[in-house]
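# Per-entry structural report
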Amino acid sequence: MFREVTPLEERYMNVHRRQPERRSAPPRRYEDDGWYDEPPRKRPRRSGRGVAASAAVGLYKALVVISALIVAVYVGFTIMVRPPAQSKLPAPSQNGMGTAGTPGTTNDAATGPNSGDGALELRKGVYNIFLAATDMEGYRTDTMMVMCYDTVEQTVGVVSIPRDTLVARESGNPHLVYGKGGVEQRVADVSNMLGIPIDYYIKVNIKGFITLVDYLGGIDFYVPCNMDYDDPYQDLHIHYTEGQRKLSGQQAMEVARFRKNNDGSGYSDVGRTQTQQQILVALAKKVLAWNNIAKINGFVEIFNSNVDTDLSMNDMLYFASQAINLNPSTGVETATLEGNGFGLYRGYRYCYELDQEKTLETVNRLINPYNRDLTLKDMNIAKADSYHS
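Residues numbered from 1 in each chain as written. Predicted model: local features only at pLDDT ≥ 70, side-chain atom pairs only at ≥ 80, totals over all residues. Heavy atoms only, no water.

## Digging into the pairing of strand 3 (residues 126-134)
Burial within strand 3 is extensive, with nine of its nine residues counted as buried. Where burial is concerned, the two faces of strand 3 agree: the one with Val126, Asn128, Phe130, Ala132 and Thr134 and the one with Tyr127, Ile129, Leu131 and Ala133 are both buried. Pairing of strand 3 with strand 4 (residues 141-150), which is carried by nine bridges, proceeds in the antiparallel orientation. Residue threonine 134 lies in a different strand from strand 4, and its bridge partner there is threonine 141. (Buried < 20%, exposed > 50% of the residue type's maximum accessible area, 1.4 Å probe, protein only. Helix = DSSP H or I, 4+ residues; strand = E, 2+ residues; numbered from the N terminus. Pairing = 2+ DSSP bridges.)

## Focus on the sheet that holds strand 12 (residues 332-336)
Strands sit in the order 11-6-3-4-5-12 across an open sheet of six strands; the sheet is mixed. Pairing within the sheet leaves two strands with one partner each, and these edge strands are strand 11 (307-309) and strand 12. Each neighbouring strand pair of the sheet contributes to a mean axis angle of 20°, computed without reference to strand direction. Relative to strand 5 (residues 155-160), strand 4 runs antiparallel, the two being bridged by six bridges. Looking at strand 5, one finds that cysteine 148 is bridged to glycine 157. The sheet contacts of helix 3 (residues 182-194) involve strand 3, strand 4, strand 6 (200-204) and strand 11, and relative to strand 3 the element is tilted by about 130°. The strands that helix 7 (residues 296-306) touches are strand 6 and strand 11; relative to strand 11, the one it contacts most, it runs at about 75°. (Axes fitted to C-alpha atoms, helices over the stretch in contact; angles between N-to-C directions. Contact = heavy atoms within 4.5 Å.)

## Describing the sheet that holds strand 13 (residues 339-345)
Strand order in the open sheet formed by three strands is 14-13-15, and the pairing between neighbours is antiparallel. The open sheet has two edge strands, strand 14 (348-354) and strand 15 (386-387), and neither has a second partner. Bridge analysis of strand 13 against strand 15 gives two bridges, and the strand direction is antiparallel. The partner of leucine 344 across the bridge, within strand 15, is serine 386.

## Side note on the packing of helix 5 (residues 249-257) against helix 6 (residues 269-288)
Across the interface, helix 5 lies against helix 6 with an axial gap of 8 Å and an inter-helix angle of 150°. Comparing the axis directions of helix 5 and helix 6 gives the class roughly antiparallel. Here Ala252, Val255, Ala256 and Arg257 of helix 5 lie close against helix 6, whose contacting residues are Arg272, Thr275, Gln276 and Ile279. Residue classes in the contact of helix 5 with helix 6 are distributed as four nonpolar, two polar and two charged. (Parallel < 35°, antiparallel > 145°, perpendicular 65-115°, else oblique. Nonpolar A, V, L, I, M, F, W, Y, C, P; charged D, E, K, R; others polar.)

## Quick look at the pattern of salt bridges
In this structure the tally under the stated criterion is eight salt bridges. Between aspartate 189 and arginine 169 there is a salt bridge, with its nearest N and O atoms 2.9 Å apart. Of this pair, aspartate 189 sits in helix 3 while arginine 169 sits in the loop between strand 5 and helix 3, placing them 20 residues apart in sequence. Arginine 169 carries the same exposure label as aspartate 189, and that label is buried. Residue glutamate 333 pairs with arginine 365 through a salt bridge whose shortest N-O separation is 2.3 Å. Residue glutamate 333 is located in strand 12, and its partner arginine 365 is located in helix 10 (residues 356-366); the two are separated by 32 residues in the primary sequence. Note on glutamate 333: relative accessible area 38%, which makes it partly exposed. It is possible to trace a salt-bridge network through shared partners that takes in Arg169, Arg186 and Asp189. (Salt bridge = Lys/Arg side-chain N within 4 Å of Asp/Glu carboxyl O.)

## Topic: the pairing of strand 4
Burial of strand 4 is extensive: ten of the ten residues sit out of reach of the surface. Linking strand 4 back to strand 5 in an antiparallel pair, the connection comprises four residues, with glutamine 154 at a positive phi of about 55°.

## A word on the nonpolar core
One finds Phe130, Val146, Ile161, Val190, Leu194, Ile367 and Leu374 to be the most contacted residues of the largest nonpolar core, which totals 32 residues. Only strand 3, strand 4, helix 3, strand 14 and helix 10 provide two or more residues apiece to this core. Apart from the residues within four sequence positions on either side, isoleucine 161 is in contact with Met144, Val146, Leu176, Val190, Met193, Leu194 and Leu337. Judged by nonpolar contacts, the second largest core, of 26 residues, contains Ile206, Tyr240, Ala252 and Ala256. (Core = buried A, V, L, I, M, F, W, Y, C linked by side-chain atoms within 4.5 Å.)

What follows is the structure in structure tokens.
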């Protein structure tokens, strides 16, 4: 009744039965007696090493993206933040009176000191900044320094100018610290006296100095001598023994202001300026330390509340970006202008007459922004009428 199906027919029937499922059917193999289904292949399980490798690749890609963003931000920053302009004030002639203009002015190009073979040309990337700190009353520029920052060589020269330095004025008090015009006039006086351009000024009040030191957690400083001074009028009391110690803001201010003990011992105005320079360097080291970078918002707040300056935001960003490469331990040198503090000038006593030769050497070594050394003819250093004991 039933006939036997031949192998050829069976093959034909099997093929046609499976056609609708061809796409989903498992792989098949043919052997002598017919077609057979292959068992489904198992997907290999990923080992722990494979997972770690995949994660490492993902992390690498993320780091590449982050690095690219950092580079992009840096490039954008350097493009947007331009180097500040440099003043082009020619050195005034030695005429005994301060006749040069304020920073940024120029004399006749045909006859001024910037003409001829000995012309003064500014070195690129070198800036002079006038640093001043007010007294307790907040209006006299009690501390004065000129800082020369060479952004190319990454060096800083700081020269302190004693507050009683003699200025050749036709009228009024001839001591540098006094006179009308505020910090702008002090800038013009110093620029004329030393024969150098001053590009910008920064004036900080005593409260700002104290706040900054405290914000940084104090500074490590070697107190240079025993200090025993009381001034009830200024409510100033300074009592320290010589040696290394950590100073708070108030203590750093007191050490910086010390000049002599109540018994007359101690040091002079020059000694005080040297101490102030050393405190400034110690403070700079603390500000530029990498662990204080995160405190930038606090620096900005202190700066805005306690500092008067003609630096623009672009200027400050530029100098901040350059200062990251500065090593305060090796790249900063300080000095104080030497002289005689017993000068008499138009009846005024204790005028600090600068030593001309020593002043010339100090200026050329630390704060001369020009391409050649200055001479005394480029400066305007006043001479005392006589001297007293």
